[in-house]
Amino acid sequence: MASRKADRPAYRCTECGWSTAKWLGRCPECHAWGTVEEVGGAPAVRTAAVTRVASPAVPIAQVDGLSVSARGTGVPELDRVLGGGLVPGAVVLLAGEPGVGKSTLLLDVAAKAASAERPTLYVTGEESAGQVRMRADRIGALHDHLYLAAETDLGSVLGQLDAVKPALLVLDSVQTVASAEIDGAPGGMAQVREVAGALIRASKERGMSTILVGHVTKDGAIAGPRLLEHLVDVVLHFEGDRHARLRMVRGVKNRYGATDEVGCFELHDEGITGLADPSGLFLTRRDEPVPGTCLTVTLEGRRPLVAEVQSLTVASQIPSPRRTTSGLETSRVSMMLAVLEQRGRISALGKNDIYTATVGGVRLSEPAADLAVALALASAASDTPLPKNLVAIGEVGLAGEVRRVTGVQRRLAEASRLGFTHALVPSDPGRTPAGMRVLEVGDIGEALRVLPARASGRGADDSGRQEARR
């Protein structure tokens, strides 16, 4: 009977590593379909014997908390996302699309964090040492205590740790390193689990901070088993359009700080630099206002950023007009078009090709940008520019009401700091900055009154517009 029970097949999810004694079409742990595969006989049930305790439990108040205090990396924008810096023994996973600048950023971090007392080890598994040296020359990331090794074997990486004894390890990337003791190709579930587990144990034992670079799939998710994200302490996503200069680091998981922070960087030929005030990348400076543009203030984590929304409407030459967006959610733009037609009495929008975009590569996904999108569309449809130095903040509902959003005071303070003098906000915004004229609007009809009166508007129903103003 015992042998028959041991011969039962076992099944394991290739995505997250969850195992079961019977096959399932969908993994109940990570909810992925078709990832549960047979891996052999079911594991025998074992009971761990009681062993002698090496380090007895102590009251939590007696645990030394200073030993795990964060230390700055020398890159303030990255420290902002990490919660102050790298904690000794912490393991950070940084993921991003190919060519977004992960290696450039981490090489700069490794050089700035290196010192005589705290050497840094940079292990590359995708490039040769000569290629990394060329990048270091270009971005000025040379330091006497920054050590470089090109390794793809886990045993060799652990040997480098014994030789260098670094305070910071950067591994680029975790999917390229494999263990000779484990079957499977590099990047597979078993290899990634073994490599990550060995490096996590080494980090905790040595008090060494570790940054692992991870690949992403075409959908933007971290490649490999989801188990990797559960094992590490911090998960960061490095985002950015390859054709724009802006790069952003977002925290997805952080055991030592908040996950609502974002770090902004600018990628250029000489390397990558942090942007303490990135709002200038998202604005277009003009002497005179242009139809179809409206400014808003978005919150990226706790940081307010002034961004510009642009819209263009032209007569369609095809039966089904185009709807093209860049940096905005298509569903939110479609909702604003419907609200403008039904609640704002702008009837000709459905017959035009409509293009909406943001400036500088910023992505606006929060509902607080609804009012700016609606005003930009109305301005483009009537070919009348909005007043100069105006920002619009607010969520627009399907009934046309302008709803309150979080952080209005912080948004207005940032707009005032950059020289904006007028703002459209929902009702009851709280304390407003001195010298800024703040107009509270309750619905889209009140918001449309900021558009100057015009004898004829392209694509707009003027009689309906005048009625809305009244």
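Sequence order as written defines residue numbering, which begins from 1 separately in each chain. Only residues with pLDDT of at least 70 get local features here, since the model is predicted, and only at 80 or more are side-chain atom pairs given and counted; chain-wide, interface and lining totals rely on the full set of residues. As a rule here, side-chain values come from all non-hydrogen atoms in the structure, and water together with hydrogens is ignored.

A.B. asks: Quick rundown of the packing of helix α3 (residues 102-113) against helix α4 (residues 129-139)? Include the residues and the values.
C.D. replies: Angles here are taken between N-to-C directions and fall from 0 to 180 degrees, while the axes themselves are lines fitted to C-alpha atoms, restricted in helices to the stretch in contact. Numbering goes from the N terminus for both helices and strands, where a helix is a DSSP run of H or I of at least four residues and a strand is a run of E of at least two. Here α3 crosses α4 at 70°, and the two axes come no closer than 10 Å. Judged on the interaxial angle alone, α4 and α3 are roughly perpendicular. Contacts between α3 and α4 pair Ser103, Thr104, Leu107 and Asp108 from the former with Val132, Arg135, Ala136, Arg138 and Ile139 from the latter. Any angle from 65 to 115 degrees is called roughly perpendicular, while one under 35 is roughly parallel, one over 145 is roughly antiparallel, and all others are oblique. Any pair of residues with heavy atoms lying within 4.5 Å of one another is described as a contacting pair.

A.B. asks: Could you give me a rundown of the packing of helix α5 (residues 154-164) against helix α6 (residues 189-206), with the residues and numbers involved?
C.D. replies: Packing of α5 against α6 brings their axes to within 11 Å, and their N-to-C directions diverge by 10°. If you check the angle between α5 and α6, you find them roughly parallel. Here Leu154, Val157, Leu158, Leu161 and Asp162 of α5 come into contact with α6, specifically with Glu194, Val195, Ala198, Leu199, Ala202 and Arg206. Nonpolar residues are Ala, Val, Leu, Ile, Met, Phe, Trp, Tyr, Cys and Pro. Charged residues are Asp, Glu, Lys and Arg, and all others, Gly as well, are polar. Of the residues assigned to the contact of α5 with α6, the class counts are 8 nonpolar, no polar and 3 charged.

A.B. asks: Describe the sheet that holds strand β7 (residues 168-172), with residues and values.
C.D. replies: We treat two strands as partners when DSSP finds at least two bridges between them. Read from one edge of the open sheet, 9 strands run β6-β5-β7-β8-β4-β9-β10-β11-β12, paired in mixed fashion. Bordering the open sheet on either side are β6 (146-150) and β12 (271-274), each of which pairs with just one other strand. Strand-to-strand twist in this sheet, taken as the mean axis angle between neighbours without regard to direction, amounts to 20°. Together, β5 (120-124), β6 and β7 form the strand contacts of α5, whose direction differs from that of β5 by roughly 160°.

A.B. asks: Any chance you could break down the pairing of strand β15 (residues 323-326) for me, citing the residues and the numbers?
C.D. replies: On a regular strand, each side chain points to the face opposite its neighbour's, so the side chains alternate between the two faces of the sheet. Inspection of the sheet shows β15 paired to strand β16 (residues 352-358) by 4 bridges, in the parallel sense. Each bridged residue has a counterpart across the sheet, and for threonine 325 the counterpart in β16 is threonine 356. Here is how to tell: hold the view so the strands point away, follow the path from the first strand over the helix to the second, and if it runs clockwise the crossover is right-handed. Each parallel crossover has a hand, and the one from β15 via helix α8 (residues 330-342) to β16 is left-handed.

A.B. asks: Hey, could you go over the pattern of salt bridges for me, with residue numbers and the actual values?
C.D. replies: Put simply, a salt bridge is a Lys or Arg side-chain nitrogen that is within 4 Å of an Asp or Glu carboxyl oxygen. Enumeration over the complete set of coordinates arrives at 20 salt bridges. The salt bridge involving aspartate 233 is made with arginine 255; its shortest N-O contact spans 2.7 Å. Note that aspartate 233 is positioned in the loop between α7 (227-231) and β9 (234-239) and arginine 255 in the loop between β10 (246-254) and β11 (262-268), a separation of 22 residues in sequence. Here the term buried applies to any residue with accessible area under 20% of the maximum for its type, exposed to any over 50%, and partly exposed to those in between, with areas from a 1.4 Å probe on protein chains only. Its relative accessible area of 4% is what places aspartate 233 among the buried residues. Accessibility expressed as a relative area gives 47% for arginine 255, which makes it partly exposed. Across the salt bridge formed by arginine 403 and glutamate 395, the nearest N and O atoms sit 3.4 Å from each other. Salt bridges sharing partners connect three or more residues here, namely Glu77, Arg80, Glu261 and Arg303.

A.B. asks: Can you lay out the packing of aromatic side chains for me, pointing to particular residues and giving the numbers?
C.D. replies: Pairing of aromatic side chains requires ring centres within 6.5 Å, counting the rings of Phe and Tyr and the six-membered ring of Trp. Pairs whose planes differ by under 30 degrees are stacked, by over 60 edge-to-face, and all others tilted. Scanning all chains against the criterion turns up 1 aromatic pair. Seen in terms of ring centroids, phenylalanine 238 and phenylalanine 265 are 6.4 Å apart; in terms of plane orientation they differ by 80°. Their pairing is edge-to-face. Highlighted residues: phenylalanine 238 in strand β9 and phenylalanine 265 in strand β11, separated in sequence by 27 residues. Grouping residues by exposure puts phenylalanine 238 and phenylalanine 265 together as buried.

A.B. asks: Quick one: what's the story with the pairing of strand β14 (residues 303-315), residue by residue and with numbers?
C.D. replies: Bridge analysis of strand β13 (residues 293-300) against β14 gives 8 bridges, and the strand direction is antiparallel. From the neighbouring strand, threonine 293 faces β14, where its bridge partner is glutamine 310. Here β13 folds back onto β14 in antiparallel fashion, the turn holding 2 residues, of which glycine 301 has a positive phi close to 70°.

A.B. asks: Give a description of helix α9 (residues 370-382) that names residues and reports values.
C.D. replies: Between its terminal C-alpha atoms α9 stretches 18 Å, which fits the 18 Å expected from 13 residues at 1.5 Å a residue. Counted residue by residue, α9 has 13 buried out of 13 residues, so it is predominantly covered. Within two residues after α9, aspartate 383 carries a phi angle of roughly 60°, on the positive side. A helix is expected to reach a length of 1.5 Å times the quantity of its residues less one.

A.B. asks: If you had to explain the nonpolar core to someone new, which residues and values would you point to?
C.D. replies: Membership of the largest hydrophobic core comes to 44 residues, with the highest contact counts inside it found for Phe282, Leu340, Leu371, Leu375, Leu424, Ile444 and Leu448. Looking at this core, the elements that each hand over two or more residues are β10, β11, β14, α8, α9, β17 (390-392) and α11 (444-447). For this core, the element with the most residues is α9, which contributes 9 residues. Beyond its immediate chain neighbours, meaning those up to four positions away, leucine 340 contacts Arg345, Ile346, Leu349, Ala374, Leu377, Ala378, Ile444 and Leu448. Residues Val75, Val109, Leu236 and Phe265 belong to the second largest nonpolar core, which totals 31 residues. In plain words, nonpolar cores are sets of buried Ala, Val, Leu, Ile, Met, Phe, Trp, Tyr and Cys residues tied together by side-chain atoms within 4.5 Å.

A.B. asks: Could you give an account of the environment of leucine 281, with specific residues and numbers?
C.D. replies: In this fold, leucine 281 is placed in the loop between β12 and β13. A relative accessible area of 17% places leucine 281 in the buried class. As a C-alpha pair, leucine 281 and glycine 361 span 80 residues in sequence and 8.5 Å in three-dimensional space. For leucine 281, the residues in contact, after removing those within four places along its chain, are Arg245, Leu246, Leu275, Val359 and Gly360.

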